[in-house]
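Architecture at a glance
So the chains spell out like this:
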Amino acid sequence: MRLPDIHQAEPLPDAVRSEVDRLLRTGDLFRYTAEADAPATLLETEFAAMMGVKYALAVSSCSAALFLSLKALDLPRDARVLIPGFTFAAVPSAVVHADCQPVLCEVDATYRIDLEDFAAKLAGVDAVIISHMRGHTSDMDAILRLCEAADVPMIEDAAHSLGTIWRGRRIGTLGRIGCFSFQSYKMINAGEGGILVTDDADLVARAIIMSGAYEHNWKKHQALQEAFATHQNRLPLYNLRLNNLSAALVRAQLPELPRRVADGRRNHDLVAGLLATSPHICVPSPLPGEERAPDSIQFNLVGLDTAGIAAFADRAAAAGVKVQVFGLSADNARAFWNWKFIDDLPDLPQTRAMLMQACDVRLPVQLTPDDCHAVAQVLLDAVSDVSKAAA
Ligand SMILES: *Cc1c(COP(=O)(O)O)cnc(C)c1O
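Right, let's walk through the structure included here. (Residues numbered from 1 in each chain as written. Predicted model: local features only at pLDDT ≥ 70, side-chain atom pairs only at ≥ 80, totals over all residues. Heavy atoms only, no water.)

1. Re the packing of helix α3 (residues 62–72) against helix α4 (residues 90–97)
- It is at 9 Å that the axes of α3 and α4 come closest, and there the two elements cross at 40 degrees. By the criterion of interaxial angle, the relationship of α3 to α4 is oblique. As for how α3 packs across α4, the hand of that crossing is right-handed. Of α4, the residues touching α3 (which contributes Ser63, Leu66, Phe67 and Leu70) are Ala90, Val91, Ala94, Val95 and His97.
- Along the lines of polarity and charge, the residues of the contact of α3 with α4 split into seven nonpolar, two polar and no charged. (Axes fitted to C-alpha atoms, helices over the stretch in contact; angles between N-to-C directions. Helix = DSSP H or I, 4+ residues; strand = E, 2+ residues; numbered from the N terminus. Parallel < 35°, antiparallel > 145°, perpendicular 65-115°, else oblique. Left-handed = near helix turned anticlockwise from the far one by under 90°. Contact = heavy atoms within 4.5 Å. Nonpolar A, V, L, I, M, F, W, Y, C, P; charged D, E, K, R; others polar.)

2. Some words on the side chain of Arg292
- Looking at the element boundaries, Arg292 is found in the loop between β11 (290–291) and β12 (296–301).
- Although Arg292 is buried, it makes no salt bridge; Glu290 carries the closest opposite charge, 4.3 Å away.
- Separated by 3.3 Å, the side chain of Arg292 and the backbone oxygen of Gly135 make a polar contact. (Buried < 20%, exposed > 50% of the residue type's maximum accessible area, 1.4 Å probe, protein only. Lys, Arg positive; Asp, Glu negative; His and termini not counted. Salt bridge = Lys/Arg side-chain N within 4 Å of Asp/Glu carboxyl O. Polar contact = N/O pair within 3.5 Å; in protein donor to acceptor, adjacent residues only side chain to side chain.)

3. Here's the deal with the packing of helix α11 (residues 306–318) against helix α13 (residues 369–390)
- It is at 9 Å that the axes of α11 and α13 come closest, and there the two elements cross at 140 degrees. On the basis of their axis angle, the class for α11 and α13 is oblique. Seen along the crossing, α11 lies across α13 with a hand that is right-handed. The segment α11 lies against α13, with Gly308, Ala311, Phe312, Arg315 and Ala316 engaging Val378, Leu379, Ala382, Val383, Asp385 and Val386.
- For the contact of α11 with α13, the per-class residue count stands at eight nonpolar, one polar and two charged.

4. Focus: the site of the ligand
- Taken together, 13 residues form the shell around the ligand, and within it Cys62, Ser63, Asp157, Ser181 and Lys186 come nearest.
- Between the ligand and Asp157 there is a distance of 2.8 Å, counted from a nitrogen atom to a side-chain nitrogen or oxygen.
- Considering the ligand on its own, with 380 Å² of exposed area, one finds that the protein chains cover 92% of that surface.
- Among the residues forming the shell around the ligand, the class breakdown is five nonpolar, six polar and two charged. (Near = heavy atom within 4 Å. Areas by Shrake-Rupley, 256 points an atom, 1.4 Å probe, with all protein chains shown as cover.)

5. Regarding the pairing of strand β2 (residues 80–84)
- Within β2, four of the five residues are buried, which leaves the element mostly enclosed by the surrounding structure.
- Running through α4, the crossover from β2 to the neighbouring parallel element strand β3 (residues 101–105) is right-handed.
- In this sheet, strand β4 (residues 127–131) lies alongside β2 in parallel orientation, the contact comprising two bridges. Residue pairing across strands places Leu82 opposite Val128, the latter belonging to β4. (Right-handed = clockwise from strand over helix to strand, strands pointing away. Pairing = 2+ DSSP bridges.)

6. Some thoughts on the pairing of β4
- When you tally the buried positions in β4, you get five out of five residues, the bulk of the element.
- The alternating pattern of β4 places Ala127, Ile129 and Ser131 on one face and Val128 and Ile130 on the opposite face, and all of these are buried.
- Pairing of β4 with strand β5 (residues 154–157) involves four bridges; the strand directions are parallel. Paired with Ile129 across the strands is Ile155, a residue of β5.

7. Here's the deal with the pattern of salt bridges
- Considering all chains together, one arrives at 19 salt bridges under this definition.
- When the shortest N-O distance is used, the salt bridge between Arg251 and Glu46 registers 2.6 Å. With Arg251 in helix α9 (residues 244–253) and Glu46 in helix α2 (residues 39–51), this residue pair connects regions lying 205 residues apart in the sequence.
- Among the residues examined, Glu46 registers a relative accessible area of 29% and is labelled partly exposed.

8. Details of the packing of aromatic side chains
- Per the stated rule, a full pass over the model turns up nine aromatic pairs.
- Note on Phe299 and Phe312: the rings are 6.1 Å apart at their centroids and 85 degrees apart in plane angle, and the pair reads as edge-to-face. Of this pair, Phe299 sits in strand β12 while Phe312 sits in helix α11, and the two are 13 residues apart along the sequence. Taken individually, Phe299 and Phe312 each receive the classification buried, so the pair is uniform in this respect.
- Between the aromatic rings of Phe336 and Trp337, the centroid separation amounts to 5.2 Å while the plane-to-plane angle is 75 degrees, which identifies the pairing as edge-to-face. No difference in accessibility class separates Phe336 from Trp337, as the two residues are buried.
- Aromatic rings pair up to connect Phe47, Phe180 and Phe182 into one cluster.
- One residue, Arg362, lies across the ring of Tyr185, its end atom 4.7 Å from the ring centre. (Phe/Tyr/Trp six-rings, centres within 6.5 Å; stacked < 30°, edge-to-face > 60°. Lys NZ or Arg CZ within 6 Å of the ring centre and 35° of its normal.)

9. Description of the sheet that holds strand β10 (residues 281–282)
- Taken together, four strands build an open sheet; the order of strands is β10-β12-β14-β13 and the sheet is antiparallel. If you trace the sheet from one side to the other, it starts and ends with β10 and β13 (324–325), each paired once.
- Sheet topology places β10 next to β12; two bridges connect them, and they run antiparallel. Counterpart to Cys282 in the pairing with β12 is Asn300.
- Contacting β12, β13 and β14 (358–362), α11 crosses the sheet at an angle of about 145 degrees to β12.

10. Observations concerning the side chain of His160
- Take His160: it is sitting in the loop between β5 and β6 (165–166).
- Assessed through its relative accessible area of 15%, His160 is described here as buried.
- Of note is the side chain of His160, whose polar atom sits 3.4 Å from the backbone oxygen of Tyr185.
- Separated by 2.9 Å, the side chains of His160 and Asp295 make a polar contact.
- Contact partners of His160, with chain neighbours within four places excluded, come to Arg134, Gly135, Tyr185, Lys186 and Asp295.

As structure tokens, this is what we get:
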């Protein structure tokens, strides 16, 4: 069977060409030049409507959105921010950038937050960032309940979870602020870009100003105008705006989202079903009420030691499918022990054990069912060879 290129992106919709051409002709790339209807502004309106929230702010990346969220919460210097031990390095980086201290909590073998450790560490933190890592949703009902009881604001890092539903609600709209990415490996690809959403007019006004709406550019945003007036000239400008060209690329892909989510879920579930036929592979099931929007699959190898897991990844790679074992690849940005910019980095034995065996394979949404069968067959052959050799 012919293998697909799992690193290739889906082509952008043809419909975007005329808008890109207009932007090239007019040079109208800065979001605040036009009096009204700049692509960045239209993106905010459309994204907020799509997510069913009051406000959206388009920015240069999800990292920027996370940083601005922390800044908008007006946390004191050195505030402690609870984050999962399994996330992308951008998350603790945003915390450090905002002059706060990351506090790491354990993640379990199903890539979800360990609620016992989370509850224990919640006392004494000033904010929480929940990363829906690779689209896996932790028990958000429990997390929301705990955060509410402790009166701690929760920010959702939904960078890789656009389109995921948790018990009928859109992931990214559960917390005080939700952050999404438009980097090329996410559901919507603008190369770079991000957006934050919230229902809180004061929070978004603060984030808008700090994102670089200097002077009276905030008048081009629809949030409570008195919130802006309160903060005028009182907040630093970090200039993390999204440009119109990127915004146009994102806008053109919004109508594609439902199809991409459906195709991604179909591909994931197809491969998951095939892999489940092996006694050596365990694909964690979704929680009740979790409807994922995956563009990759994660699974655990059963009964193989570290050498066996490495041999599995080598065999799959030799056969044309790249498997990332988060804890085995050197300098992996999702392995917490590589976040050496954090003082007093804790050990998280449970999260470490998960990272040493969790396998990650990209399944871009444009793969066909035949492509998925071919990818699954490579993985099944590799695990069967390696476990025979180990027996
Ligand atoms: C991609 C990603 C980020 C960072 O997004 P950028 O837009 O590249 O800054 C943060 N968190 C998670 C879980 C991600 O997958």
